[in-house]
Amino acid sequence: MKILDFNNIKNLKFNPKINFINSNISYEMKVIASIANVSKKILEIGSKNAINTLLFSMNSSDKTSILLLTLNEKLIQRAYQYNDQNTEIFSKEDNVENSCEDLLFDEISYNSKIIFLERDFFKNDHLNFKNNFDLIFLYFENFSDILIDNAQFLIDLLSKEGALLVKGPLNNSSDFTDLISSKRDIFKIKDTSLLFIKN
C-alpha cells in the first residue's frame, strides 16, 4: 500500500485553521476537516461518538448535508427525541465526547445539516444515493462485516470526484482492501490511520 502525503492529493488543500470545541486537534482531525471543507454531501458510517460528525459539521459549508449511520444507541435515541419533541433530557457531562454530542444536537436543531440514517440503510435505501456523495467516511472496525459485503456498493455511492476515507485498523491483506483495490487505488495518508480511495 502506497503512503500518500495529504498535500499531494489533487484538488484538496490542507486547512490549518480548524473549527472545533477545543484546541486539542490532531493532524488526523485536520486532514478530515480539510476534506469536509470541500465536500457538499458526506456519508459517515460506523461512528461510536459525535466527535468526527461535529468536525464535519463545523468545517463544511452551510449547504453541506451529513448523513450519519451510527452504532451509538444514545445518539440514536437522542436524535429521535429531537425529531419528535425538539427537547433535551440528557444531563451534560464535562468531557469532549459529551460536549460534542451536546453541540451536535445544537447543530441538528439549528440547521438540520445532519441526518440520521436507519440501520437497514444497506438493505433498503442505498440505491437512492447512487453517485451522490463527495465523501464517505468509514470506521471499518465497527461495521467490518457489513462493509466487506458492500464494498462495490460503497464505490457506487461516490460522486464522480468523490473519495472514500477509511479509518483502520486495516492491513494490506484484509478482505475489504482486496475488494476495493481490485477496482481503485488505495493509499494510506501519511501520519494518520486513514486510507484514501479516490473515485
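Here, residues in each chain are numbered from 1, in the same order as that chain's written sequence. Selection of residues for local features in this predicted model requires a pLDDT of at least 70, selection of side-chain atom pairs for listing and counting requires 80 or more, and totals for whole chains, interfaces and linings are taken over all residues. The side-chain numbers reported here are obtained from all heavy atoms of the structure, hydrogens and water having been left aside.

Participant: Give a description of the overall build of the protein that names residues and reports values.
Facilitator: Every helix listed is a DSSP run of H or I at least four residues long, and every strand listed is a run of E at least two residues long, numbered separately from the N terminus. A count of helical and extended segments in the protein gives eight helices and eight strands. Between buried and exposed lies partly exposed: a residue is buried under 20% and exposed over 50% of the maximum accessible area for its type, with that area taken using a 1.4 Å probe on protein chains only. Evaluated residue by residue, the protein yields a buried proportion of 47% over its 199 residues. Computed with a 1.4 Å probe, the accessible areas rest on the Shrake-Rupley method; for each residue, only the protein chains presented here act as cover. Taken as a whole, the protein presents about 10,200 Å² of accessible surface, with 46% of it coming from carbon and sulfur.

Participant: Break down the pattern of salt bridges for me, citing the residues and quoting the values.
Facilitator: Salt bridges are counted wherever a side-chain nitrogen of Lys or Arg sits within 4 Å of a carboxyl oxygen of Asp or Glu. One pass over the full model with this rule turns up one salt bridge. In this structure, the salt-bridge partner of E28 is K167, at a minimum N-O distance of 2.4 Å. Here K167 lies in strand β6 (residues 158-167) and E28 lies in helix α1 (residues 27-37), a separation of 139 residues in the sequence. When its relative accessible area of 24% is taken as the criterion, K167 is described as partly exposed.

Participant: Just give me the short version of the sheet that holds strand β4 (residues 114-116), but keep the residues and values in it.
Facilitator: In short, DSSP must find at least two bridges between two strands for them to pair. Ordered in space as β1-β7-β8-β6-β5-β2-β3-β4, the eight strands form an open sheet in which the pairing is mixed. Two strands lie at the open edges of the sheet, namely β1 (2-4) and β4, each paired on one side alone. In this sheet, adjacent strand axes meet at a mean angle of 25 degrees when their direction is disregarded. Where strand β7 (residues 186-189) lies against strand β8 (residues 194-198), three bridges are found, and the strand directions are antiparallel. Following the sheet pairing, I186 is matched in β8 by I197. Whether two residues are in contact is decided by their heavy atoms: any pair within 4.5 Å suffices. With axes taken as lines fitted to C-alpha atoms, and helix axes fitted only over the stretch in contact, angles between N-to-C directions fall between 0 and 180 degrees. On top of the sheet, helix α2 (residues 51-58) reaches β2 (41-47), β3 (65-70), β4 and β5 (133-139); it is set at about 170 degrees to β2, its chief contact.

Participant: Please set out the environment of M1 residue by residue, giving values where relevant.
Facilitator: Within the secondary structure layout, M1 lies in the segment before β1. For M1, a relative accessible area of 39% corresponds to the partly exposed category. M1 sits 184 residues away from D185 along the chain, and the two C-alpha atoms are 8.8 Å apart.

Participant: Please give an account of α1 that cites residues and values.
Facilitator: Along α1, eight of the eleven residues are buried, which leaves the element largely enclosed by surrounding structure. For α1, the set of buried residues is E28, M29, V31, I32, A33, S34, I35 and A36. Looking at the buried positions of α1, the neighbouring elements they touch are β2, α2, β5, β6, β7 and β8.

Participant: Quick rundown of the packing of aromatic side chains? Include the residues and the values.
Facilitator: The criterion for an aromatic pair is that two Phe, Tyr or Trp rings (for Trp, the six-membered ring) have centres within 6.5 Å, with stacked assigned to planes under 30 degrees apart, edge-to-face to planes over 60 apart and tilted to the rest. The full count for this structure, using the stated rule, is four aromatic pairs. When the centroid spacing of 5.5 Å and the interplanar angle of 75 degrees are considered together, the rings of F56 and F137 count as edge-to-face. One end of the pair, F56, is in helix α2; the other, F137, is in strand β5, with 81 residues separating them in the sequence. Relative accessible area serves as the criterion here: at 0%, F137 is assigned to the buried category. Where F137 meets Y139, the ring centres are 5.0 Å apart and the plane angle is 75 degrees; that geometry is what we call edge-to-face. Ring-pair connections join several aromatic residues into one group, and the members of that group are F6, F14 and Y27.

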